[in-house]
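Listed below are the residues making up each chain.
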Amino acid sequence: MAFISSGYNPDKPMEGRISDIGPRHFTEFLPPVIAKNFGKWDYHEILEPGLLCHTGVSGDKAYTVRCGTARLMTVTHIREICDIADKFCGGFLRFTTRNNIEFILESLDEAKELMKFLEAQKFEGGSYKFPVGGTGAGVTNIVHTQGWVHCHTPATDASGTVKATMDAVFDDFKEMKLPAPVRISMACCLNMCGAVHCSDIAILGIHRKPPIIDHKYLDNLCEIPLAVAACPTGAVRPSKVEIDGETYKTVAIKEERCMFCGNCYTMCPSLPLSDGEGDGIAIMVGGKISNRLTKPAFSKVVVPFVPNEPPRWPTMTKVIKKILDTYAAEANKYERLGDWANRIGWERFFEKCDLEFSAHLIDDFRDPAYYTWRQTSQFKW
Amino acid sequence: MAKHKTPLLDQLESGPWPSFVSDIKQEAENRAKNEKGLDYQVAVDCPEDLLGVLEMSYTDGETHWKHGGIVGVFGYGGGVIGRYCDQPEMFPGVAHFHTVRVAQPTGKWYTTDFLRQLMDIWDLRGSGLTNMHGATGDIVMLGTTTPQLEEIFWELTHDMNNDLGGSGSNLRTPAACMGMSRCEYACYDSQELCYNLTQEYQDELHRPAFPYKFKFKFDACPNGCVAAIARSDLGFLGTWKDPIKIDQEKVAAYVGGEIAPNAGAHAGRDWGAFDIQKEVVDLCPSQCLSYEGGKLVMDHKECVRCMHCINTMPQALKIGDERGVSMFCGAKAPILDGPQMGSLLVPFVEVNKDDDYQAIKDIIENVWDWWMDEGKNRERIGETMKRLGFAALAEAAGVGIDPRQVQEPRHNPYIFWKAEDVEGGWERDIDDFRKRHQR
Ligand code: SF4
Ligand code: SF4
Ligand code: SF4
Ligand code: SF4
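Below, the structure is looked at part by part. Everything numeric in this text was worked out from a predicted model, so none of it was measured.

### Describing the sheet that holds strand β11 (residues 280–285) of chain A
The strands that make up a sheet pair up through hydrogen bonds in the backbone, lying either parallel or antiparallel.
All names here are of chain A.
Here comes step 1: What the four strands build is an open sheet, ordered β7-β8-β11-β12; its pairing is mixed. Only two strands of the sheet have a single partner each, and these edge strands are β7 (184–187) and β12 (300–307). Ignoring strand direction, the axes of neighbouring strands in this sheet form an average angle of 20°.
Here comes step 2: Here five bridges tie β11 to β12, and the two strands are oriented antiparallel to one another. What sits directly across from Ile281, in β12, is Val306.

In structure tokens, the structure reads:
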């Protein structure tokens, strides 16, 4: 391998340097029908799952074909997507916030033809490449994080849990038979790069063992005061240990105070907390982001722990499927999952979804915990 | 013949949902073939080694990526995240495997030219693996080595006229909903505002000066497609003040069953005939609708703009014309102090492109000044705001006080009066007091 220079000269890093230019302006990327009707759309329709039609005040129509993807994509795969956009859509496409791809077309026939084409594309292993769907009152693609593929703090994998979940709820991606949209999100640790804290169903990787202390190296790798200050519960304090007659500056951890957040590890690599048995998944439900009908709401923990069961996490998908199916059968039209649970009462939610309620589900973290306890005699048997 | 055996990952190739494992295998094969005859600048077999290390995690139930490592491009404090494998001997192809964040075009519209150019860079100088997109919004390029970073940055800026995204204690790459480009609900041009502020605050984006990360998100209406209320330190949500516009003929068409409610979103199941009383009037959270004599009537002063009636009958009902933005402050995930929703800081501010959004920028800069003075290291603004109080934030932001900022007034009367709030101040004379009160 010979090093190929782009033109950058390490001896004169400032020479010809361009910086702080930001992203390109979005108008360079708008398909013509979108550019023409920008800000002048009249209404939209979902013609069938995965097919949207937007009508402009001008009468122009834009047909959008939406398909799911695994967010982790390769160069080869993205080039395939580009080929499709070149062939059908004049070289334009869009990604949605939830990692779907959207292709815009100007005629219904072409849109249908594209849908057929997309449905026919499969990976060698057998899965769809571009399943069409993800619209309306269904499940759409899962927003997720890095997991074991690329992060140093995960308690579970992201891509694998998402693949297993989307396989299990695939019908609801393809169809629109739920009472309201269901947003599933996944984050592989409490940092929640994926911000699952306001999702209808959230898959959250959690640790359950306090950090291991790498006493011999800690002082070399970390600033002890930073590790101490990082702990939200004050579980970490400076300390000294003696190993083989040598004294090391290090930290001590009050284990009963640890809530396994991993903040100390973020500040100090000598405090890892991942563990094959300790780590797993908490399932949260009932969050939402939109202001429609009810206020935005946080997700609530309904299953404190399911073990990691790679590669297909059967316990996790079983719980998710049960919650989704019970909701689908019982909720009113337009009612989001959390609103349904609030209406029937959470005690009823646990009963109907076959979930066990345990002490782990009663909040005990600081002030906000108090607002989740019941302060009325209005409850159900 | 695959380099590593991956019996666990192979099981993720079956099932209908697109398999990332199949995709990575396809990439591994293509790189091995190298039909274009590229002189790959990082290990050719890094996709295989990535599968290898991932399989190991599937067996152990533990990650095999080391903690951090500071890498980046000259003059930037963000945009690249260092990553090293903790089994470099077994998986040399991913021993150094840094992430490069690339600023995405607002609203995530692309031309294939742009994507192909990016893929060419990543084919030659990276692993060939990406995330489209990271949770914050940027394009995430997974896996390259340190010597390639400046080269990638050079090609991005010189050949593609595009910048890196954000990471670290700085402004993160702002993200917007697609807004006006394809949505009839957009109350302002979320993409333009996002673009403008991104450009304005390039310095904050690339040179960490904040206590911790800071995110902007722009939703053009209360439906909240990019989750501005839930996921941004300052969230911008489109809104309006005047009445919702009603087309009674179209209302009749919904009632008559000629137009499918909710744009057809419920088509997968037979919910029975559309019942405007039950599905719209009775559900309206502010009870401001009624359906009388075939007409939908609205007491618009009482409407809380939840979007339900509009979403349900998009052809009949339209957002008002007096449009602007509500600003929410302090949303974040649980770390450190528990999850927080954004709190309404400014109920309404104009979105005025003609004066370069000055009203909005004034508020942003006031908020930042306060947070940079008062915030502790690694404290999100939501936590600073909780610690010092919402009123302190509002005062610093210079936005005034309004009952709309609270759900309800305070529960406890422990009011922190200041000396200047009280007649005569706090200075008192004990001797004078004793003239009236014996010891
Ligand atoms: S959620 Fe946690 S483990 Fe997952 S990518 Fe983010 S920091 Fe890493
Ligand atoms: S994991 Fe969190 S709670 Fe536990 S010691 Fe570390 S910082 Fe403290
Ligand atoms: S937030 Fe509102 S305006 Fe923006 S895309 Fe979503 S529905 Fe449309
Ligand atoms: S937008 Fe919401 S609050 Fe306003 S009238 Fe419609 S349903 Fe009622």
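### Overview of the interface of chain A and chain B
Here comes step 1: Contacts between chain A and chain B engage 142 residues on the former and 147 residues on the latter.
Here comes step 2: Of the roughly 12,600 Å² buried at the junction of chain A and chain B (both faces included), carbon and sulfur atoms supply 59%.
Here comes step 3: Per-residue buried area on chain A facing chain B is highest for A:Trp148, A:His150 and A:Lys333; these three make up 6% of the total on that side.
Here comes step 4: Taken together, the connections running from chain A to chain B amount to 10 salt bridges.

### Here's the deal with the sheet that holds strand β13 (residues 323–329) of chain B
Residues and elements named next belong to chain B.
Here comes step 1: Taken in spatial order, the five strands make up an open sheet running β6-β7-β8-β13-β14, and their pairing is mixed. In this open sheet, the two edge strands, each paired with only one partner strand, are β6 (175–176) and β14 (343–349).
Here comes step 2: Alignment of strand β7 (residues 216–219) against strand β8 (residues 234–240), held across four bridges, turns out to be parallel. Within β8, the position partnered with Phe218 by the bridge is Phe236.
Here comes step 3: Against the sheet, helix α6 (residues 190–200) contacts β6, β7 and β8, and its axis sits at roughly 160° relative to β7.
Here comes step 4: Contacting β7, β8, β13 and β14, helix α12 (residues 358–374) runs over the sheet at an angle of about 155° to β14.

### Structural notes on the state of the cysteines
Here comes step 1: Applying the stated criterion across every chain, the model contains one disulfide over all chains.
Here comes step 2: Across a sulfur-sulfur distance of 2.2 Å, A:Cys222 and A:Cys268 are joined as a disulfide pair. Disulfide A:Cys222-A:Cys268: torsion about the S-S bond near 70°, hence right-handed. Taken as a pair, A:Cys222 in the loop between α6 (215–221) and α7 (224–230) and A:Cys268 in the loop between α8 (263–267) and β11 lie far apart in primary sequence, 46 residues in all.
Here comes step 3: Left unpaired, B:Cys85 is separated from the closest cysteine sulfur, that of B:Cys46, by 12 Å.

### Points about the packing of aromatic side chains
Here comes step 1: Considering all chains together, one arrives at 37 aromatic pairs over all chains under this definition.
Here comes step 2: For the ring pair B:Tyr201 and B:Phe216, a centre distance of 6.4 Å and an interplane angle of 55° mean the geometry is tilted. Remark: B:Phe216 occurs in strand β7 and B:Tyr201 occurs in the loop between α6 and α7 (202–206); sequence separation between them is 15 residues.
Here comes step 3: By relative accessible area, B:Tyr201 is classed as buried at 2%.
Here comes step 4: The class for B:Phe216 is buried, based on a relative accessible area of 1%.
Here comes step 5: Aromatic rings pair up to connect B:Tyr201, B:Phe210, B:Phe214, B:Phe216, B:Phe218, B:Phe236, B:Trp368 and B:Trp371 into one cluster.
Here comes step 6: In this structure, A:Arg94 is placed above the aromatic ring of B:Trp109, and the distance from its NZ or CZ to the ring centre is 5.6 Å.
Here comes step 7: Positioned above the aromatic ring of A:Phe305, the side-chain terminus of A:Arg208 is 3.3 Å from the ring centre.

### Description of the pattern of salt bridges
Residues and elements named next belong to chain A.
Here comes step 1: Scanning all chains against the criterion turns up 47 salt bridges over all chains.
Here comes step 2: Between Asp167 and Arg312 there is a salt bridge, with its nearest N and O atoms 3.0 Å apart. Residue Asp167 is found in helix α4 (residues 159–168), and its partner Arg312 is found in the loop between β12 and α9 (314–330); the two are separated by 145 residues along the sequence.
Here comes step 3: On the basis of relative accessible area, Arg312 is assigned to the partly exposed category, the value being 24%.

Analysis parameters
- Residues numbered from 1 in each chain as written.
- Chains lettered and ligands numbered in written order.
- Predicted model: local features only at pLDDT ≥ 70, side-chain atom pairs only at ≥ 80, totals over all residues.
- Heavy atoms only, no water.
- Pairing = 2+ DSSP bridges.
- Helix = DSSP H or I, 4+ residues; strand = E, 2+ residues; numbered from the N terminus.
- Axes fitted to C-alpha atoms, helices over the stretch in contact; angles between N-to-C directions.
- Contact = heavy atoms within 4.5 Å.
- Buried area = accessible area lost by both parts, 1.4 Å probe.
- Salt bridge = Lys/Arg side-chain N within 4 Å of Asp/Glu carboxyl O.
- Disulfide = S-S within 2.5 Å.
- Phe/Tyr/Trp six-rings, centres within 6.5 Å; stacked < 30°, edge-to-face > 60°.
- Buried < 20%, exposed > 50% of the residue type's maximum accessible area, 1.4 Å probe, protein only.
- Lys NZ or Arg CZ within 6 Å of the ring centre and 35° of its normal.

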